[in-house]
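# Summary of the model geometry
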Amino acid sequence: MSNDLARARSSYARRAWQEAFDGFSRADERRRLGPDDLERLAWSAALVGRDADFLRALERLHHACAEANESSRAARAAFWIGFHLSSLGSAAQATGWLARAERLVEREPACAERGYLLLPA
């Protein structure tokens, strides 16, 4: 594990969002982050107001989880993308991501992400 990644994880645990975002970004430049760290990068970006970085990290997380057959986690990432795009006024894109999330949760008999999808309704 790189020093940047270790520091980023420590910063995230301390809720030092800007430090975490910077560290995860540097670590990602050296080696693509895995799903857990992509999720941390995404939320760090969101908490420092980096909307584009938040959405990019979530999209990468979504694809990584979909490829790994982690339907619930892929759906959760798609939900947050759609929900955030909706808040930014990008209704068409938001609708597409929320529909993608719905298709993914159809594979899961019971999951919290079904509840998330009730929020936009």
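In this text, all values refer to a predicted model and were calculated from it rather than measured experimentally. (Residues numbered from 1 in each chain as written. Predicted model: local features only at pLDDT ≥ 70, side-chain atom pairs only at ≥ 80, totals over all residues. Heavy atoms only, no water.)

## Quick look at the packing of aromatic side chains
By the definition in use, this model includes seven aromatic pairs. Ring geometry for Trp43 against Trp80: centres 5.3 Å apart, planes inclined by 90°, an arrangement best described as edge-to-face. Separated by 37 residues along the polypeptide, Trp43 in helix α3 (residues 35–47) and Trp80 in helix α5 (residues 71–87) bring together distant segments of the chain. For Trp43, a relative accessible area of 23% gives the class partly exposed. Ring geometry for Phe79 and Trp80: centres 4.9 Å apart, planes at 70°, overall edge-to-face. Judged by its relative accessible area of 1%, Phe79 is buried. The exposure class of Trp80 is partly exposed, given its relative accessible area of 24%. Site record: aromatic cluster; members linked through ring pairs are Trp43, Phe54, Phe79, Trp80 and Phe83. Above the ring of Trp97, the side-chain terminus of Arg100 is found at 4.2 Å from the ring centroid. (Phe/Tyr/Trp six-rings, centres within 6.5 Å; stacked < 30°, edge-to-face > 60°. Helix = DSSP H or I, 4+ residues; strand = E, 2+ residues; numbered from the N terminus. Buried < 20%, exposed > 50% of the residue type's maximum accessible area, 1.4 Å probe, protein only. Lys NZ or Arg CZ within 6 Å of the ring centre and 35° of its normal.)

## Observations regarding α3
With 13 residues, α3 ought to run about 18 Å at 1.5 Å a step, and its terminal C-alpha atoms sit 18 Å apart, in line with that. Along α3, the residues classified as buried are Asp37, Leu38, Leu41, Ala42, Ser44 and Ala45. For α3, the angular spread of buried residues about the axis comes to 165°, placing them on one side. Residues of α3 that are buried make contact with α1 (3–13), α2 (17–30) and α4 (51–67). Note on α3: the residue one or two positions beyond its end, Gly49, has a positive phi of about 80°. (Expected span 1.5 Å × (residues − 1). Arc of directions from axis to C-beta. Contact = heavy atoms within 4.5 Å.)

This is a description of form; function is not addressed.
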